[in-house]
Amino acid sequence: MRSQIAMHLLLALIGSLGLGFSPTSEATEAAGWRARLQAQRESTAPRPALTAPGTHRVELRHDGLTRHALVHLPPGFRPGQATPVVLAFHGGGGDAAYMADDDRYGLISLADRENFVIVFPSGYSRLPRGKLATWHAGDCCGDARDRQIDDVGFVRALLQHLGQQIPITPQRTFAMGMSNGAMMSYRLACEMSDAFRAIAAVAGTEAMTPCQPTHPVAILHIHARDDTHVLFDGGAGPDAFRDASKVMDFVSVPTTISRWVTRQHCTPTARRTLDVPGAYCETHVGCEGGTEVKLCVTASGGHSWPGAPGARLGRKAPPSQALSANAQAWSFFLAQGARRR
């Protein structure tokens, strides 16, 4: 009897403190508490503050899912000071940490050297730790596509989230990606052209039908002629994916470039802007808003990131060293950011 009285007194005290319980309507109050907790989880208020140089993990709730990204602030970062922002999208089966690995891509070193903020979003994964993630880039790829994950909405929410602490302007915001991440970059150029000035796509072609950008977006595409995943001349190669249903009949590189040249009314004939042993680049100029459409091709390297500092595992060919994807992308972003829309 005494224990029952004590329990009721305890519940009454907890109820008076506003912790979600009462001795008379526990179920109702519990439901209210769950609703408030869910509202907190759905909030995109920044936490923690992004002020110190280094790599930070940020999380937000979008479309019923907890999404995350790694945000790297270079040593020269100063709160409140405008700086370029680059979003780097991993390939299918990767995640944010994989793309942020400097031994594989060297992007953090590039950001530190050139003093820009680099963001590594993570795609959708069914696994608890987010490994083996993919992007819903239109007609590709994997579970993200099959479950119609709102990755475009996630990117927009992420930019809004970061913009509460870092000055972000479309004029100096860029996207780049590898393979499925390159396809995601193309989707952003199609559906978020108001937010990005330029993209750099490596080893992944456009996977969007239709594509109707509202603002001019500069396009850099980098591809190996001997890619065995996303074939240069179109289609999925023998190394694309064990389950062919998880990918698509990839659009060719020439078709991807032709689409963007037509969309942005560029000069139809490209001029050779780089010609070195093992690689060349061709650029279409005269596009809307002063943008360009540029294609860089390496003779070898397969499905990889040209100029990558690390060797690839297994029997895969090493990345081409004829040109650097990082150097090409950053110089392209700088030139396009300097042009007014």
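Draft legend 1. The arrangement of the state of the cysteines in detail. Here the structure, examined in full by the defined rule, presents 4 disulfides. Disulfide partner of C281: C296, at an S-S distance of 2.1 Å. Linking C281 and C296, the disulfide has an S-S dihedral of approximately 110 degrees and is accordingly described as right-handed. With C281 in strand β9 (residues 279-284) and C296 in strand β10 (residues 293-298), this residue pair connects regions lying 15 residues apart in the sequence.

Draft legend 2. The arrangement of the pairing of strand β5 (residues 173-178) in detail. By the criterion of burial, β5 is predominantly enclosed, with 6 of the 6 residues buried. Alternating positions in β5 separate into two faces, T173, A175 and G177 on one and F174, M176 and M178 on the other, with burial throughout. Examined bridge by bridge, strand β3 (residues 85-89) and β5 share 5 bridges and lie parallel to one another. Each residue of the ladder has a partner; that of V85, found in β5, is T173. Across 5 bridges, the pairing between β5 and strand β6 (residues 198-202) is parallel. By the bridge assignment for β6, G177 is matched with A201.

Draft legend 3. Seen up close, the side chain of H56. When you line up the elements, H56 lands in strand β1 (residues 54-62). Here A52 takes part through its backbone oxygen, which lies 2.7 Å from a polar atom of the side chain of H56. When neighbours within four sequence positions are excluded, H56 is seen to be in contact with L50, A69, L70, V71 and L73.

Cut-offs used in this document
- Sequence order sets the numbering: in each chain, residues are counted from 1 along the sequence as written.
- Where local features are concerned, this predicted model is filtered to residues with pLDDT of at least 70; where side-chain atom pairs are given and counted, the filter is 80 or more; whole-chain, interface and lining totals use all residues.
- Excluding hydrogens and water, the side-chain values take into account all heavy atoms of the structure.
- Only a pair of cysteine sulfur atoms within 2.5 Å qualifies as a disulfide here.
- Strands are runs of DSSP state E lasting at least two residues, helices are runs of H or I lasting at least four, and both sets are numbered from the N terminus onward.
- Type-normalised accessible area, obtained with a 1.4 Å probe on protein chains alone, sets the label of each residue: buried when under 20%, exposed when over 50%, and partly exposed for intermediate values.
- Any two strands with at least two DSSP bridges between them are considered paired.
- For the purposes of these results, a polar contact is taken to be a pair of N or O atoms within 3.5 Å, where, inside protein, one atom must be able to donate a hydrogen and its partner to accept one; residues adjacent in sequence count only when each atom of the pair is a side-chain atom.
- In what follows, residue pairs with any heavy atoms lying within 4.5 Å of each other are defined as contacts.

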